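# Results of the structural survey
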Amino acid sequence: MGVLSWARAKSIWVLHFNSGGCNGCDIEAVAAFTPRFDAERFGVLLVPSPRHADALLVTGPVTKQIKDRLIRIYEQMPEPKFVIAFGTCACTGGVFKGSYSTCGGVDKVIPVDLYIPGCPPKPEALLNGIAELMRRVRGG
Amino acid sequence: MWWIPGALAFFIVFAFFIEWVDRRFVARLQDRYGPIYTGTGGVLQPWADFIKLLSKEDITPAASDKVLFRLAPLVLPIFPIVGLCLTPILGKPIIGFDGDLIVAFFLMSVYTIMIFIAGYGSGNSFGIVGGTRAALQMLGYEVPFALAMIGPAILAGTLSISEIAYSQSNIWYAIPLALGFAVFMVCSLAEVDVVPFDIPHAKQEIVAGWETEYSGRKLALIHLAENLEMVFISALATALFLGGGYGPFSPPIPPAVWFIIKTLIVAIVISNLRAIFARFKIITLVEWSWKYLLPLAIVQLLVLELFFELGVIPWP
């Protein structure tokens, strides 16, 4: 509960990455930053560069084509970093599970800290997930 | 001289405070709340961001120019801090001398050139494009910016920022120099890289522009430099055009209070403009500043000359 964990919990900057989703989750994830939900209240910002990001928000089952890009984006992020799998496809592969062209979930490729199921999850679910992540970062 | 470290600390605290005011104000204009849960009303949000960035991993890309990449974020905050030392923000300047207006202008130019060097040194194609855009837009706004700052210097008959601020006890120079003040504000938007002219880090076009590759404490210092530059430009506008430390009930209220309030108001005006405008194209900025801003700045100087000839304003 030092100053460092307080600062890390209060300032989670999110990079949004679509790993082959149908765009449904992306619309809901971006809606969490609109005036109605306003994730910036908790200090959460949407940043454009992986070098600035603390959390990687992945939507969609990881297709074989985008797998290398996802790993590369993940490795470009500075430590400490968190991965949020947003949507059923990102959590388990969803309806694409067992498909010849997808890996079936983000956790098959990179380590995942937080799963937010739903098809698509509501923006409230993302805010709940962020609150959970903040609680974990503070060590509560 | 015992108060100089306190003044430097005050600049940094004030820079973070202005970032919070800016974020909250823009959020309210957009019908949002902005950061409200970090500290009282979210006032500690910039501190949380700063501490978090200081503690993060610091990546040096293999493709970057190592010396420039390490040096640029370290050097960047120095220019606005030195510039703030020239302005009489705390009643009197820390270093004030005749001709420091030219030094302040030089510091602003070097700040932009340092941004170009930072983008170039990062070795990223987006960084290089962002740095080039910063240098290119400087070609547009710099000349009208300098001409707009000459007006108050002519009226006060001195090139010292603090002397210009002290000589506005009768009338704020924004009134006779309304046109020059407008040109100054437009150019200062380009100088601090806020939205109508945030072309060097256009988030929707070139990832994060010149700061794409910077992470960890380098990014923390870059954000600090941007906030300090905002304070510096606002303080300069206050000193040159808005009467410096003068205000109603000035003898009981110290001039520093009025100066800080006016600086805050200028910063809020800048964030208001940030909220209501969309981004200009780089070609539009350079074209318009040569087509409209530069002639307007020259017209302002001619009008000033006319005032002197007609005897409306006495010669300094």
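Our subject is the structure listed above.
This report concerns the structure included in the present document. Everything numeric in this text was worked out from a predicted model, so none of it was measured. (Residues numbered from 1 in each chain as written. Chains lettered and ligands numbered in written order. Predicted model: local features only at pLDDT ≥ 70, side-chain atom pairs only at ≥ 80, totals over all residues. Heavy atoms only, no water.)

Below, the discussion takes up the overall build of chain A. Each helix and strand counted, chain A has 5 helices and 5 strands in total. Start at the N end of chain A and walk to the C end: the helices and strands fall as α-β-α-β-β-α-β-α-β-α. Computed over the C-alpha atoms, the radius of gyration of chain A is 14 Å, within 12% of the 14 Å expected from 2.2 N^0.38 for a compact globule of 140 residues. Seen through its C-alpha atoms, chain A measures out along the principal axes to roughly 45 × 30 × 25 Å. Residues classed as buried in chain A amount to 55% of the 140 residues present. Restricting to contacts in chain A with at least 6 residues of sequence separation, those with at least 24 account for 79%. (Helix = DSSP H or I, 4+ residues; strand = E, 2+ residues; numbered from the N terminus. Rg over C-alpha atoms; globule rule 2.2 N^0.38 Å. Buried < 20%, exposed > 50% of the residue type's maximum accessible area, 1.4 Å probe, protein only. Contact = heavy atoms within 4.5 Å.)

When its secondary structure is counted, chain B shows 11 helices and 0 strands. Along the chain direction, N to C, the helices and strands of chain B fall in the order α-α-α-α-α-α-α-α-α-α-α. Taking 2.2 N^0.38 as the reference for a compact globule, 316 residues should give roughly 20 Å; the C-alpha atoms of chain B span a radius of gyration of 20 Å, in line with that estimate. Each principal axis of the C-alpha atoms in chain B carries an extent, and together these give about 65 × 45 × 40 Å. Counting only residues that meet the buried cut, chain B has 54% of its 316 residues in that class. Within chain B, counting contacts between residues at least 6 apart in sequence, those at least 24 apart form 78% of the total. Accessible area for chain B stands at about 13,100 Å²; split by element, carbon and sulfur atoms hold 73% of it. Averaging the positions of the 18 positive and the 22 negative side-chain charges in chain B gives two centres separated by 10 Å. (Areas by Shrake-Rupley, 256 points an atom, 1.4 Å probe, with all protein chains shown as cover. Lys, Arg positive; Asp, Glu negative; His and termini not counted. Charge placed at Lys NZ, Arg CZ, Asp CG, Glu CD.)

Quick look at the sheet that holds strand S2 (residues 45-46) of chain A now. The strand order S2-S1-S3-S4-S5 (chain A) describes an open sheet built from 5 strands, whose pairing is parallel. For this open sheet the edge positions go to S2 and strand S5 (114-116) of chain A, each flanked by a neighbour on one side alone. (Pairing = 2+ DSSP bridges.)

Okay, the interface of chain A and chain B next. Each partner contributes residues to the interface: chain A has 28 residues there, and chain B has 32 residues. Between chain A and chain B, the buried area comes to about 2,600 Å², and carbon and sulfur atoms account for 59% of it. Seen at the junction of chain A and chain B, the total is 6 salt bridges. Between the two partners, chain A and chain B, sit 20 residue pairs in polar contact (both at pLDDT 80 or more). The greatest single-element share of the side of chain A that touches chain B, amounting to 6 residues, is contributed by helix H1 (residues 3-10) of chain A. For the side of chain A that touches chain B, the per-class residue count stands at 14 nonpolar, 6 polar and 8 charged. (Buried area = accessible area lost by both parts, 1.4 Å probe. Salt bridge = Lys/Arg side-chain N within 4 Å of Asp/Glu carboxyl O. Polar contact = N/O pair within 3.5 Å; in protein donor to acceptor, adjacent residues only side chain to side chain. Nonpolar A, V, L, I, M, F, W, Y, C, P; charged D, E, K, R; others polar.)

Within the fold, histidine 52 of chain A resides in the loop between S2 and strand S3 (55-59). For histidine 52 of chain A, the side chain forms a polar contact with the main-chain oxygen of glutamate 211 of chain B, separated by 2.8 Å. From its side chain, histidine 52 of chain A meets the backbone oxygen of tyrosine 214 of chain B in a polar contact 3.4 Å long. Once residues within four sequence positions are removed from consideration, histidine 52 of chain A is found in contact with Trp13 and Val47 of chain A together with Ala208, Glu211, Thr212, Tyr214 and Leu219 of chain B.

For the rest of this paragraph, the subject is the environment of glycine 105 of chain A. Residues and elements named next belong to chain A. The residue glycine 105 is located in the loop between helix H4 (88-92) and S5 in this model. A relative accessible area of 0% places glycine 105 in the buried class. Look past the residues within four positions of glycine 105 in its chain and what remains in contact with it is Val62, Cys89, Ala90, Cys91, Thr92 and Gly93.

Once that is clear, we can look at unusual backbone geometry. Residues and elements named next belong to chain A. Residue proline 80 is reached from glutamate 79 by a cis peptide bond, and omega for that bond is -10°. Among the structural elements, proline 80 can be located in the loop between helix H3 (67-76) and strand S4 (82-86). A cis geometry characterises the amide bond from cysteine 119 onward to proline 120, with omega recorded as -10°. By the element assignment, proline 120 lies in the loop between S5 and helix H5 (123-137).

Disulfide: a covalent bond connecting the sulfur atoms of a pair of cysteines. Residues and elements named next belong to chain A. This structure, assessed with the given rule, holds 0 disulfides over all chains. The thiol of cysteine 119 is unpaired, and the distance to the nearest cysteine sulfur, on cysteine 89, comes to 5.7 Å. Accessibility expressed as a relative area gives 71% for cysteine 119, which makes it exposed. (Disulfide = S-S within 2.5 Å.)

Moving on, we come to a nonpolar patch on the surface. All names here are of chain B. Taken together, Leu179, Trp288, Tyr292, Leu296 and Val299 make up a surface patch of nonpolar side chains, about 440 Å² in accessible area. Top contributing element to the nonpolar patch by residue count: helix H11 (residues 282-310), with 4 residues. Within the secondary structure, tyrosine 292 is located in helix H11. Using a relative accessible area of 46% as the deciding quantity, one classes tyrosine 292 as partly exposed. (Patch = residues over 30% accessible without salt bridge, like charges linked within 9 Å, V, L, I, M, F, W, Y side chains within 5 Å.)

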